[in-house]
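# Reading the structure
Chain by chain, the residues run as shown.
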2 protein chains.
Amino acid sequence: MSREIPYKIYLEEKEMPKQWYNVRADMKNKPAPLLNPATLKPMGYEDLRPVFCDDLIRQELDDTTPYIDIPQEILDFYKMYRPSPLVRAYCLEKKLDTPAKIYYKFEGNNTSGSHKLNSAIAQAYYAKKQGLKGVTTETGAGQWGTALSMACAYLELDCQVYMVKCSYEQKPFRREVMRTYGAKVTPSPSETTAVGRKILAEHPGTSGSLGCAISEAVEAATQQEGYRYVLGSVLNQVLLHQTVIGLETKAALDKYGIVPDMIIGCAGGGSNLGGLISPFMGEKLKGERDYRIIAVEPASCPSFTRGRFAYDFCDTGMVCPLAKMYTLGSGFIPSANHAGGLRYHGMSPVLSQLYHDGLMEAVSVEQTAVFEAAEQFARVEGILPAPESSHAIKVAIDEALKCKETGEEKTIVFGLTGTGYFDMYAYEKFNNGQMTDTIPTDEDLAKGFAGLPNVPEN
Amino acid sequence: MSREIPYKIYLEEKEMPKQWYNVRADMKNKPAPLLNPATLKPMGYEDLRPVFCDDLIRQELDDTTPYIDIPQEILDFYKMYRPSPLVRAYCLEKKLDTPAKIYYKFEGNNTSGSHKLNSAIAQAYYAKKQGLKGVTTETGAGQWGTALSMACAYLELDCQVYMVKCSYEQKPFRREVMRTYGAKVTPSPSETTAVGRKILAEHPGTSGSLGCAISEAVEAATQQEGYRYVLGSVLNQVLLHQTVIGLETKAALDKYGIVPDMIIGCAGGGSNLGGLISPFMGEKLKGERDYRIIAVEPASCPSFTRGRFAYDFCDTGMVCPLAKMYTLGSGFIPSANHAGGLRYHGMSPVLSQLYHDGLMEAVSVEQTAVFEAAEQFARVEGILPAPESSHAIKVAIDEALKCKETGEEKTIVFGLTGTGYFDMYAYEKFNNGQMTDTIPTDEDLAKGFAGLPNVPEN
């Protein structure tokens with residue numbers, strides 16, 4: 001007989017992970033190295049130093065050390081909002097009338113509203129440790145910028161955020177949260193960088209793009225003494241920091257002797273999904289246990305399910321290194337009507353390799369169905385989920401309903417990465433029945449693929 | 001030697017309170033009864049039935065039963081977002097360099113963003129139990145309306161919210177959260193009620209007021225078969241439900257052998273403050289222990305510090321019973337430039353009596369200083385506080401700084417009632433240096449007092 005499971009499993013402070021888990025150490029096929037876009041040679045420590053913080057480059061390049069100590073200062077910060085609860089979705093199970101057991105790891109209970117804070121504090125910490133004055137970054141939907149602002153405020157580090165202009169104007173609340181935390185928020189493209197001025201001259205009145213904001217943030221970092229650039233997803237270091245999610249999840253499950261059948265997460269750049277699944281994937285890689293691992297992506301931006309596994313630019317401005325990943329091409333722009341933050345053209349190289357090796361599945365879902373799932377979830381479980389997170393909810397519900405048909409008592413774990421408080425424009429559209437789905441045609445995708453760089457491996 | 005205190009003290013599910021504590025049972029001087037505004041006679045059970053739910057009236061009138069069982073269905077709902085953490089503000093202490101020990105009970109980690117959910121689920125539950133179809137209410141800033149929408153969605157009860165028109169227009173996100181939870185949100189004044197039509201005819205283009213919204217919600221409840229009116233503050237029943245805050249706080253403190261010197265809470269209608277302090281006040285009333293208990297109110301709406309203890313209307317529409325309380329007069333309207341939700345002219349009759357009897361203190365603070373405290377708190381403790389909650393933060397910081405001067409290691413507990421995600425307009429004003437303070441003159445107050453009803457006790 002299993003012990004009665006509480007609604008929310010909270011680890012005690014002393015049970016919190018003290019190390020991050022580096023899944024690359026247990027991968028037989030390592031993710032391909034970053035390449036210099038000019039020379040097509042792998043980029044080493046020295047090549048990356050002008051842009052990234054030293055310790056973070058070491059983490060980026062380290063594919064052999066399985067466990068990396070979390071510095072005490074970061075552990076202390078984690079204690080302010082972690083451990084996050086692993087919630088048993090009793091009410092959702094009842095509503096669906098399913099024999100499945102559903103759990104979700106909820107990362108939204110901090111002011112940034114998402115899991116992004118787990119890596120923001122780590123990156124800010126290493127920047128501070130290196131004696132830097134500040135960091136620069138870009139933000140689209142605003143979750144990453146908010147998280148970084150919070151981390152920098154805590155460490156008294158300067159924080160410069162290039163916010164895509166249309167978000168800057170349409171999400172003034174996000175902007176004001178960042179400003180309250182002392183960040184300097186600049187709408188991108190701006191007059192403050194050469195690349196920004198160039199884009200403004202060529203496209204007056206443009207509302208900006210993530211690619212442009214990245215280019216400005218990188219330039220700002222390299223042009224100021226004592227600054228480096230930081231990024232909230234895709235990179236190996238980010239996945240590493242985010243493994244605190246999966247490690248806590250696994251510790252909480254182990255505490256009650258629960259073994260999941262499947263683990264589900266939404267996938268944009270892959271930071272949340274990679275962090276959640278890493279410890280489980282590690283067991284799978286070592287042949288200790290098997291799990292179904294499912295990445296959920298929007299049908300409007302289907303990197304895994306319809307993309308190519310190839311070297312590509314990480315940014316549309318083409319100033320960043322090339323990464324080998326599932327990609328739609330750096331020139332691919334998902335339909336503007338998509339509400340979520342899962343609009344990135346590429347995917348974490350770690351997850352891309354794992355997917356390529358058949359170690360995980362991927363599925364794409366349309367946004368109207370995603371918001372239907374979000375609404376259903378909110379009404380019974382209380383939490384108003386972010387559109388991104390709701391992609392995972394949708395597939396968790398689908399899997400639970402399959403269990404209802406077959407009578408199987410499967411255990412489903414999914415990642416609830418954040419809250420939707422700053423996404424109410426999208427909810428309003430949904431509430432008014434005005435939400436639509438746009439799926440790229442094969443022609444749309446072909447245009448994106450045509451822009452892939454010419455790398456022999458491609 | 002005291003045990004090391006974690007950053008966040010979480011009770012286990014089995015340690016959660018199973019009963020609410022009714023502080024009135026231990027009060028020597030009971031709060032005065034509600035009066036019928038026409039007859040000036042105390043209102044009994046039958047008088048209140050057309051407007052309120054039966055079980056809730058019983059709780060409203062019961063001033064002798066010290067403990068009231070929390071029904072299992074409500075306990076189950078509480079488990080979805082409770083226990084809330086009692087947080088040790090280590091980072092704030094360090095920043096202030098104070099020997100004081102600061103704790104806060106954080107009620108913002110649920111989608112409604114505040115403590116209001118504690119009473120919303122209780123009121124919705126009793127309505128459902130009575131076989132009603134739905135409930136009506138008003139909302140100003142929107143926290144109560146959101147909480148009630150969530151509770152009604154969970155219990156599949158119809159929810160009709162009259163939202164003050166200016167909030168409906170200025171806070172579209174709050175409105176959409178309620179709609180996502182299935183509530184019908186009507187801007188007030190509206191054409192849907194007689195009182196709304198009357199006001200619109202007399203004041204075309206009015207942006208509404210809380211008093212008007214209350215009048216519409218009460219009319220809507222009494223004019224529809226199977227509906228009752230519910231309210232988020234002031235009433236005895238609401239304070240009773242909110243004692244779950246204080247009971248959890250006390251249990252968490254007891255677990256670590258911590259005895260606070262002072263307990264601080266913000267005060268609008270009194271629901272959060274009353275809930276937080278009740279168990280401590282109970283000990284004080286019984287002579288078991290002494291605590292300083294401090295209510296913090298805005299200088300722009302100083303019911304305790306500059307109001308009168310008198311019978312007054314609970315609403316500006318004068319359709320509700322008369323309550324004896326500290327009041328600025330139901331016609332008093334605080335300056336529009338005040339950002340927080342603590343704009344109510346009156347105060348809980350229970351707290352009013354306790355204050356009148358010298359069992360608690362009150363202090364008023366100006367909003368610019370409140371936002372300064374909020375910003376300082378956010379940057380070191382991570383959480384972005386609601387403007388209301390920040391009133392308590394301001395005074396907690398003041399008291400901690402006094403300890404720094406005197407070297408006293410006092411233990412301070414304050415209530416952090418909610419988050420400020422939907423208050424970013426106010427933060428923006430503050431960030432831009434455009435926030436101002438308005439303190440009513442004695443003449444302003446005299447106008448409010450002139451409208452007090454003519455009741456012999458006054």
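In this report, we go over the structure that sits alongside the text. (Residues numbered from 1 in each chain as written. Chains lettered and ligands numbered in written order. Predicted model: local features only at pLDDT ≥ 70, side-chain atom pairs only at ≥ 80, totals over all residues. Heavy atoms only, no water.)

## What about the overall build of chain A?
If you tally the helices and strands in chain A, you get 18 helices and 15 strands. Relative to the compact-globule value of 23 Å for 458 residues, chain A shows a C-alpha radius of gyration of 21 Å, a close match. Projected onto the principal axes, the alpha-carbon positions of chain A cover approximately 65 × 50 × 45 Å. Within chain A, the fraction of its 458 residues that count as buried is 66%. In chain A, the share of contacts with a sequence separation of at least 24, taken over all contacts with a separation of at least 6, comes to 76%. Of the accessible surface of chain A, which amounts to about 16000 Å², a share of 49% is contributed by carbon and sulfur atoms. Here chain A holds 47 positive side-chain charges and 56 negative ones, and the gap between their average locations is 2 Å. (Helix = DSSP H or I, 4+ residues; strand = E, 2+ residues; numbered from the N terminus. Rg over C-alpha atoms; globule rule 2.2 N^0.38 Å. Buried < 20%, exposed > 50% of the residue type's maximum accessible area, 1.4 Å probe, protein only. Contact = heavy atoms within 4.5 Å. Areas by Shrake-Rupley, 256 points an atom, 1.4 Å probe, with all protein chains shown as cover. Lys, Arg positive; Asp, Glu negative; His and termini not counted. Charge placed at Lys NZ, Arg CZ, Asp CG, Glu CD.)

## What about the interface of chain B and chain A?
Contact with chain B, which involves 44 residues of that partner, is made by 44 residues of chain A. Both faces combined, the contact of chain B with chain A buries some 4200 Å², and carbon together with sulfur accounts for 56% of it. The largest per-residue losses of area from chain B upon contact with chain A belong to F173(B), T180(B) and Y421(B), which jointly make up 17% of the total buried on that side. Across the contact surface, chain B and chain A share four salt bridges. When contributions to the side of chain B that touches chain A are tallied by element, the ones reaching two or more residues are α3 (72-81), α4 (90-96), α6 (143-155), α8 (172-180), α15 (367-381) and α17 (424-431) of chain B. Top contributing element to the side of chain B that touches chain A by residue count: α8(B), with six residues. Within the side of chain B that touches chain A, the residues separate by chemical class into 22 nonpolar, eight polar and 14 charged. (Buried area = accessible area lost by both parts, 1.4 Å probe. Salt bridge = Lys/Arg side-chain N within 4 Å of Asp/Glu carboxyl O. Nonpolar A, V, L, I, M, F, W, Y, C, P; charged D, E, K, R; others polar.)

## Considerations on unusual backbone geometry
Both trends apply: most residues other than glycine have a negative phi, and most peptide bonds are in trans. Residues and elements named next belong to chain A. The peptide bond linking R82 to P83 adopts the cis configuration, its omega dihedral lying at -10°. Inspection of the secondary structure assignment puts P83 in the loop between α3 (72-81) and β4 (86-88). Even without glycine at this site, D97 takes up a positive phi of about 55°. Topologically, D97 is positioned in the loop between α4 (90-96) and β5 (101-106). Overall, the relative accessible area of 53% leaves D97 in the exposed class. Backbone geometry places E156, a non-glycine residue, at a positive phi of 55°.

## Details of empty space enclosed by the protein
Taken as a whole and judged by the stated rule, the model has 16 cavities of 30 Å³ or more. Its volume calculated, the largest cavity comes out at about 260 Å³. Lining the largest cavity are 28 residues, with N109(A), N110(A), F106(B), N109(B) and I383(B) sitting closest to its centre. At the level of secondary structure, the elements contributing two or more residues to the lining of the largest cavity comprise α3 of chain A together with β5 (101-106) of chain B. The dominant element in the lining of the largest cavity, judged by the number of residues it contributes, is α3(A), at three residues. Partitioning the lining of the largest cavity into residue classes produces 16 nonpolar, 10 polar and two charged. (1 Å grid on protein atoms, 1.4 Å probe; cavity = no way out; pocket = protein on both sides within 12 Å on 5 of 7 lines; lining within 4 Å. Points joined across faces, edges and corners; volume = space filled by probe spheres on them.)

## Looking at the pairing of strand β15 (residues 411-416) of chain A
Residues and elements named next belong to chain A. Buried residues dominate β15, accounting for six of its six residues. Here β15 shows no split at all, with T411, V413 and G415 on one side and I412, F414 and L416 on the other all buried. With three bridges joining them, strand β10 (residues 262-266) and β15 adopt parallel strand pairing. Bridge assignment links I264 to a residue of β15, and that residue is F414. (Pairing = 2+ DSSP bridges.)

## Considering helix α18 (residues 442-450) of chain B
Residue and element names in this part refer to chain B. Buried within α18 are the following residues: L445, G448 and F449. Looking straight down α18, one finds that the buried residues subtend no more than 95° of arc, so they occupy a single side. Looking at α18, the residues exposed on the side facing more than 90 degrees away from the buried face are E443, K447 and A450. Its buried side turned inward, α18 meets α13 (303-306), β12 (308-313) and β13 (322-327). (Arc of directions from axis to C-beta.)

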